[in-house]
Amino acid sequence: MKAIYTNILQAVSNGEKLLAILIDPDKFLLNNTQNFIDKIEKSIATHIFIGGSTVDDFVTETLISEIKKFSQLPIVLFPGDVSQITNQADALLFLSLISGRNPEYLIGKQVKAVSKLRQMNLEIISTGYVLIENGKKTAVQRVTETKPLSRTHIQNIVDTAKAGELLGMKLIYLEAGSGALHPIPLDIISKVKSELTVPLIVGGGIKTKEQLEDAYNAGADLVVIGTAFENDESFFEELKS
Ligand SMILES: CC(C)=CCC/C(C)=C/CC/C(C)=C/CC/C(C)=C/COP(=O)(O)OP(=O)(O)O
Ligand SMILES: O=P(O)(O)OC[C@@H](O)CO
Ligand SMILES: [Mg+2]
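Taking an unreviewed UniProt entry as the reference, the chain is identified by name as Geranylgeranylglyceryl phosphate synthase belonging to Formosa maritima. Per its UniProt entry, the chain bears the Cofactor (unreviewed entry) comment "Mg(2+)". Reading the Catalytic activity (unreviewed entry) entry of the UniProt record for the chain gives the comment "sn-glycerol 1-phosphate + (2E,6E,10E)-geranylgeranyl diphosphate = sn-3-O-(geranylgeranyl)glycerol 1-phosphate + diphosphate".

Pasting the structure below:
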């Protein structure tokens, strides 16, 4: 139990960098699972994240059981809603959208998740989710009806991330938004990282090896990439281990 978070901490203390491939159940063809997982397994990926801002009921569960036939990597839920929580996964990012001021996404959905979680043995990892504007309206913004943080007010981003840590959150996730035109600026990553003691996740709009390495060098401990693989599976070739 609790192995996934412990392993993340261990990797950070060893100076290793982590990569999660985000699979959005709504955009994934089930009959492509074996092929896609095969590419993940041959790449430098360390985790599989599963989630979307809008996903139909039960699709997540079916997808994870299929993935488990082909992969040993840890499967972590990154849910846009309570309905995506399933015992098939290994862990759950217990998200609170701390960049926003919508109580439903700060504490409401979390309360609703508890009765479901009580019957499961998922590893639960409290995560402060911080959405930062990237020039276009993101799915998370639309679904949660919140405003992202301005990318020019860096101190506010740092203070938001730190407040999450002080509230006891075990991970902080800086999100530019799925398919963002520009990933999180590197100076934001490095300033946030310099004030945190918990691991830092960065995602949104990363689509080249250079952007991935830049994010790591700036201080990201774990990077999440989804859209780049949805659009072009040959990107796995660049990330071969
Ligand atoms: C019940 C718990 C613990 C959490 C669920 C409720 C909360 C607080 C969610 C955070 C806000 C949110 C909607 C997150 C979604 C995260 C996610 C999987 C984003 C990826 O979005 P895509 O579905 O790829 O977007 P596109 O549809 O634009 O590609
Ligand atoms: O789909 P991309 O742009 O890679 O973003 C990944 C993740 O951070 C989205 O929530
Ligand atoms: Mg997406």
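Having seen the structure, we can now continue with the description.
Asker: A description of the site of ligand 2 should follow, citing residues and the corresponding values.
Answerer: Within the structure, ligand 2 sits among 15 residues, and Glu175, Gly179, Gly205, Gly226 and Thr227 are positioned closest to it. Within the side chain of tyrosine 173, a nitrogen or oxygen atom sits 2.8 Å from an oxygen atom of ligand 2. For the shell around ligand 2, the elements supplying multiple residues, two or more each, are strand S6 (171–175) and strand S8 (222–225). Here the residues of the shell around ligand 2 are counted per class, giving six nonpolar, eight polar and one charged.

Asker: I'd like a rundown of the sheet that holds strand S4 (residues 91–97), residues and numbers included.
Answerer: Sheets are built from strands paired through backbone hydrogen bonds, the pairs being either parallel or antiparallel. Around the barrel, which closes on itself, the eight strands sit in the order S1-S2-S3-S4-S5-S6-S7-S8 with parallel pairing between neighbours. The mean angle between the axes of side-by-side strands here comes to 30°, regardless of whether they run parallel or antiparallel. The pairing of strand S1 (residues 18–23) with strand S2 (residues 47–50) spans four bridges and is classified as parallel. Looking at the pairing, isoleucine 21 lines up with isoleucine 48 of S2. Packing of helix H4 (residues 103–117) onto the sheet brings it into contact with S4 and strand S5 (123–131), and relative to S4 it is tilted by some 155°. Strands S1 and S8 of the sheet are contacted by helix H8 (residues 209–218), whose axis makes an angle of about 150° with S8.

Asker: Just give me the short version of the packing of aromatic side chains, but keep the residues and values in it.
Answerer: Where two aromatic rings form a pair, the distance of their centres and the angle of their planes describe that pair. All told, the structure shown has eight aromatic pairs when counted by the stated rule. Geometrically, the ring pair formed by phenylalanine 78 and tyrosine 173 is stacked, given 5.0 Å between the ring centres and 20° between the ring planes. Pair noted here: phenylalanine 78 is in the loop between strand S3 (75–77) and S4 and tyrosine 173 is in strand S6, with a separation of 95 residues, a long-range link. Ring centres of tyrosine 129 and tyrosine 173 lie 5.0 Å apart, and the angle between their planes is 80°; on these two criteria the pair is classed as edge-to-face. With tyrosine 129 in strand S5 and tyrosine 173 in strand S6, this residue pair connects regions lying 44 residues apart in the sequence. Among the residues examined, tyrosine 173 registers a relative accessible area of 1% and is labelled buried. Of the aromatic side chains, those joined through ring pairs into one cluster are Phe28, Phe36, Phe229, Phe235 and Phe236.

Asker: Quick rundown of the UniProt feature "binding site: sn-glycerol 1-phosphate" (unreviewed entry) in the chain? Include the residues and the values.
Answerer: UniProt feature "binding site: sn-glycerol 1-phosphate" (unreviewed entry): in the numbering of this structure it lies at Tyr173, Leu174, Glu175, Ala176, Gly177, Ser178, Gly179, Gly204, Gly205, Gly226 and Thr227. With respect to the helices, strands and loops of the structure, serine 178 is situated in the loop between S6 and helix H7 (186–195). Take glycine 226: it is sitting in the loop between S8 and helix H9 (227–231).

Asker: Now, about the packing of H7 against H8: what can you tell me, with residues and values included?
Answerer: For any two helices packed against each other, one specifies the crossing angle of their axes together with the interaxial distance. Look at H7 against H8: their axes get within 8 Å of each other, and the N-to-C directions meet at 30°. In terms of orientation, H7 lies roughly parallel with respect to H8. Considering the relative orientation of H7 and H8, their crossing is right-handed. Between H7, through Leu186, Ile189, Ser190 and Lys193, and H8, the contact on the second element is made entirely by Asp214, Ala215 and Ala218. Split by residue class, the contact of H7 with H8 holds four nonpolar, one polar and two charged.

Rules behind the numbers
- Residues numbered from 1 in each chain as written.
- Chains lettered and ligands numbered in written order.
- Predicted model: local features only at pLDDT ≥ 70, side-chain atom pairs only at ≥ 80, totals over all residues.
- Heavy atoms only, no water.
- UniProt positions renumbered as here; feature names shortened; annotations may be inferred.
- Near = heavy atom within 4 Å.
- Polar contact = N/O pair within 3.5 Å; in protein donor to acceptor, adjacent residues only side chain to side chain.
- Helix = DSSP H or I, 4+ residues; strand = E, 2+ residues; numbered from the N terminus.
- Nonpolar A, V, L, I, M, F, W, Y, C, P; charged D, E, K, R; others polar.
- Pairing = 2+ DSSP bridges.
- Axes fitted to C-alpha atoms, helices over the stretch in contact; angles between N-to-C directions.
- Contact = heavy atoms within 4.5 Å.
- Phe/Tyr/Trp six-rings, centres within 6.5 Å; stacked < 30°, edge-to-face > 60°.
- Buried < 20%, exposed > 50% of the residue type's maximum accessible area, 1.4 Å probe, protein only.
- Parallel < 35°, antiparallel > 145°, perpendicular 65-115°, else oblique.
- Left-handed = near helix turned anticlockwise from the far one by under 90°.

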